[in-house]
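Tertiary structure, described
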Amino acid sequence: MAVHRNPFKPTAGATPPLLVGRHDDLDEFEESLDDGPGAPGRLTIFTGARGVGKTVMLTEVSDRALRRGWVTIADAALPGLVDRLTDEVTDHLHELDPSRLPGRALTGLSLGGSGVTFSESQAAKPRWRKQLGALLDVLEQNDTGLLLTVDEVHSSAREELRELAATYQLLVREDRNIALAFAGLPAAVSDLLNDDVLTFLRRANQVELKDVALDDVRTALRSTVRENGREITEPALDHAARATGGYPFMIQLVGYHVWRKATGDRIDEESVLEAIPVARRRLGATVHATALADLSDVDRTYLLAMSQDDGESSTGELARRIGASPQHAGVYRARLIAAGMIEPTRHGHVGFALPFLREYLREHAAQYRIDDRGTISRRDRRS
């Protein structure tokens, strides 16, 4: 029997076999590379809830830039970002133009039995702005450019991001061949855009990644299965597509576990029905638990109150359930929307933004204290 390697990749940041429903955004970015300095897509911010594929998008735009002969540098918005980027820029500069190697600096001498001995050290690292300009000089002589991608945008690296963005803005004014792509959760991106020093980022091409249409999911699943040596029945395909909810990470999870459960060259309904609970448990452990851990007790309480409803929730009713005034409940609602956990559905109503979060909260409700009336106990709330 032939061994079929699993083509699905349910790992954070791993590039899936097909970027389902993302081609328009990727094509726009790619066209901006061709359109020259100042093209809007050359400054792009990818945002969305956990698991929608933000890191995957950064990887893909980097791959497309590389195919055009660009130099790409990827990092995350953590302390030391600019220093790390400077080192990467310097390494690329030395590789492309060895004549720009920094000179040696004489730091001292000593008198030994065999004569005079000099000690040397590398000259101080050139400034970030100067090195970027030097690398762009070399790249532009060859009709190419530089793409910087920064993942996990967060306020903890605010000063680093300010320095990076300010430098990028100056280079754009000089018509340099550079592009910059960020990715982050909605709350972090909103915080960045509201920074008084970074107002120009509000003009960036903001790509909010959403769930994928189920028809596109079916097409992607079928194509991936067939291209890797198996077939899938139509009922199995329908079950698998619906189980994903159009959520990109769940597409990979369902595909991965369906592939594992199948035997032979044909995937049937039985394999899908066995795989779906496994995929949902994995989703809960890797996405839901992590997202909930980042929230305050009162925000989790708000979500737990929402989980009592089978569909959308009334914000007025949620305030009553958690024993908060409408004003305070509105603060919690706004925080959860910014964090990508919930979304407005219509006036005065909200729904979950993360697929299967309602089910996960119901299964883990024992972790929260609820009184006999269904109201979350005040002593469990922390704002």
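Just so you know, these numbers come straight off a predicted model, no measurement behind them. (Residues numbered from 1 in each chain as written. Predicted model: local features only at pLDDT ≥ 70, side-chain atom pairs only at ≥ 80, totals over all residues. Heavy atoms only, no water.)

1. Let's talk about the sheet that holds strand E11 (residues 342-346)
Under the convention used in this document: Two strands pair under a simple rule: DSSP has to find at least two bridges between them. The helix count covers DSSP runs of H or I at least four residues long, the strand count covers runs of E at least two residues long, and both are numbered beginning at the N terminus. It only takes one pair of heavy atoms within 4.5 Å for two residues to be counted as in contact. All axes here are fitted lines through C-alpha atoms, helices being fitted over the stretch that makes contact, and every angle between N-to-C directions spans 0 to 180 degrees.
Strand order in the open sheet formed by three strands is E10-E12-E11, and the pairing between neighbours is antiparallel. The sheet is open, and its two edges are formed by strand E10 (313-314) and E11, each paired on a single side. Two elements, E11 and strand E12 (residues 349-352), share four bridges in a ladder whose sense is antiparallel. Across the sheet, residue Glu 343 finds its bridge partner in E12, namely Gly 351. In the packing of helix H13 (residues 326-338) onto the sheet, the strands contacted are E11 and E12, and the crossing angle to E11 comes to about 110 degrees.

2. As for the nonpolar core
Selection criterion: Within this scheme, the nonpolar core is defined by two criteria: the residues are buried Ala, Val, Leu, Ile, Met, Phe, Trp, Tyr or Cys, and they are joined through side-chain atoms within 4.5 Å. Exposure classes here rest on a 1.4 Å probe applied to the protein chains alone. A residue is buried below 20% of its type maximum, exposed above 50%, and partly exposed in between.
Formed by 74 residues in total, the largest nonpolar core has its most connected members in Tyr 302, Leu 303, Met 341 and Ile 342. It is helix H10 (residues 269-293) that provides the largest number of residues to this core, a total of eight residues. Setting aside residues up to four positions removed in sequence, Tyr 302 forms contacts with Thr 315, Leu 318, Ile 322, Ala 329, Tyr 332, Arg 333, Leu 336, Ile 342 and Val 350. If you look at the next biggest cluster of nonpolar residues, it comprises 37 residues, including Val 71, Ala 77, Leu 85 and Val 138.

3. Points about the pattern of salt bridges
Rules: Salt bridges, as used here, are contacts in which a Lys or Arg side-chain nitrogen is within 4 Å of a carboxyl oxygen on Asp or Glu.
Under the definition given, this model contains 25 salt bridges. The salt bridge partner of Asp 27 is Arg 64, with a shortest N-O separation of 2.9 Å. In this pair, Asp 27 sits in helix H1 (residues 23-35) while Arg 64 sits in helix H2 (residues 54-67), placing the two residues 37 residues apart along the sequence. What makes Asp 27 partly exposed here is its relative accessible area of 30%. Note on Arg 64: relative accessible area 8%, which makes it buried. The salt bridge partner of Arg 218 is Glu 234, with a shortest N-O separation of 2.8 Å. Of this pair, Arg 218 sits in helix H7 (residues 214-227) while Glu 234 sits in helix H8 (residues 234-244), and the two are 16 residues apart along the sequence. A single salt-bridge network, built from bridges that share partners, covers Asp 27, Glu 30, Asp 34, Glu 60, Arg 64, Arg 67 and Arg 68.

4. A few points about the environment of Ala 305
The residue Ala 305 is located in helix H11 (residues 297-306) in this model. Residues Ala 305 and Arg 321, 16 residues apart in the sequence, show an inter-C-alpha distance of 6.5 Å. Excluding residues that lie within four positions of it along the chain, Ala 305 makes contacts with Leu 318, Arg 321 and Ile 322.

5. Looking at the environment of Leu 292
Positionally, Leu 292 belongs in helix H10. Setting aside residues up to four positions removed in sequence, Leu 292 forms contacts with Arg 300, Leu 303, Met 341, Leu 357, Tyr 360 and Leu 361.

6. Observations concerning a negative patch on the surface
Using the following cut-off: Exposure above 30% relative accessible area and the lack of any salt bridge qualify a residue for a patch; like charges then connect within 9 Å, and the nonpolar side chains Val, Leu, Ile, Met, Phe, Trp and Tyr within 5 Å. Only the protein chains shown count as cover for residues, and the accessible areas themselves come from Shrake-Rupley with a 1.4 Å probe. Positive charges come from Lys and Arg, negative ones from Asp and Glu, while His and the chain ends are left out of the count. Lys charges are placed at NZ, Arg charges at CZ, Asp charges at CG and Glu charges at CD.
A surface patch of negative charge is lined by Asp 24, Glu 28, Glu 31 and Asp 35. Here Asp 35 is to be found in helix H1.

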